[in-house]
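What follows is the residue order along each chain.
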Amino acid sequence: MPTPTQRADRNERLSALRRQMILDAAQRVFERDGLEKTTLRAIAKEAGCTTGAIYPWFGGKEILYGALLDESLQRLHAHLAAATAGGEAAMAARRAIQAFFGYYAERRTDFSLGLYLFQGLGPRGLGRDMDEQLNGRLRQCVDLVGVALGRTKAWPPETVLAEQMNVFTYLIGLLLLLHTHRLKSLGQRADVLLDHYCNALEQR
């Protein structure tokens, strides 16, 4: 017979599994329908549950969206940190830039989620606290790019701050062109353009 501790552990695992199933379903619906058009009913249908089953974890679609984006930005931060740890200083900026681009190039859904932040939209139901938390997560990621720039280039701190935003702006534009297939229609390749950008930055 299971002990109270074993039962509690089992219930906790089941709860975590149900929560993850709801998050996975929400991510698919958000990618398909966007934040504005998504409904809790559509998420519940995708997850194979009732809307009432969602509320113990998430008070609304905005909370779900925020949770997904928060997790995505945490993964991006870990990805950037791993890519820029150690290594030759002269290549640090290139590694950071390629890691940022590669993360979103391979994760269209994460990029779609991130457009909430990248497009500079207002909270739209996420609430000020969640909005500030998400933008804080994004700033941490952009700051890692700045740290890498500082290792590669002997720039003063104020220049690094400006340049890390220039890099970020370039990357988001390139990713948008990639995911909307505009690069292909223009006869361009993202890897070639990114390599050219990194070469130009290193030569400055």
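Located above this text is the structure these notes cover.
Residues numbered from 1 in each chain as written. Predicted model: local features only at pLDDT ≥ 70, side-chain atom pairs only at ≥ 80, totals over all residues. Heavy atoms only, no water.

Colleague: Please provide a residue-by-residue account of the pattern of salt bridges, values included.
Modeller: Within the structure shown, the criterion is met by 10 salt bridges. Of the charged contacts, one joins Asp33 and Arg32 as a salt bridge, the two residues approaching to 3.0 Å between their closest N and O atoms. Connected through salt bridges with shared partners, the residues Arg28, Arg32, Asp33 and Glu46 form a single ionic network. (Salt bridge = Lys/Arg side-chain N within 4 Å of Asp/Glu carboxyl O.)

Colleague: Break down the packing of aromatic side chains for me, with residues and values.
Modeller: One pass over the structure, following the stated rule, counts 6 aromatic pairs. Taken together, a centroid distance of 4.8 Å and an interplanar angle of 85° make the contact between Phe30 and Tyr65 edge-to-face. Linking Phe30 in helix 1 (residues 4-37) with Tyr65 in helix 3 (residues 61-84), this pair joins segments that are 35 residues apart in sequence. Its relative accessible area of 6% is what places Tyr65 among the buried residues. An aromatic cluster is defined as three or more aromatic residues linked by ring pairs; in this entry it consists of Phe100, Tyr103, Tyr104, Phe111 and Phe168. (Phe/Tyr/Trp six-rings, centres within 6.5 Å; stacked < 30°, edge-to-face > 60°. Helix = DSSP H or I, 4+ residues; strand = E, 2+ residues; numbered from the N terminus. Buried < 20%, exposed > 50% of the residue type's maximum accessible area, 1.4 Å probe, protein only.)

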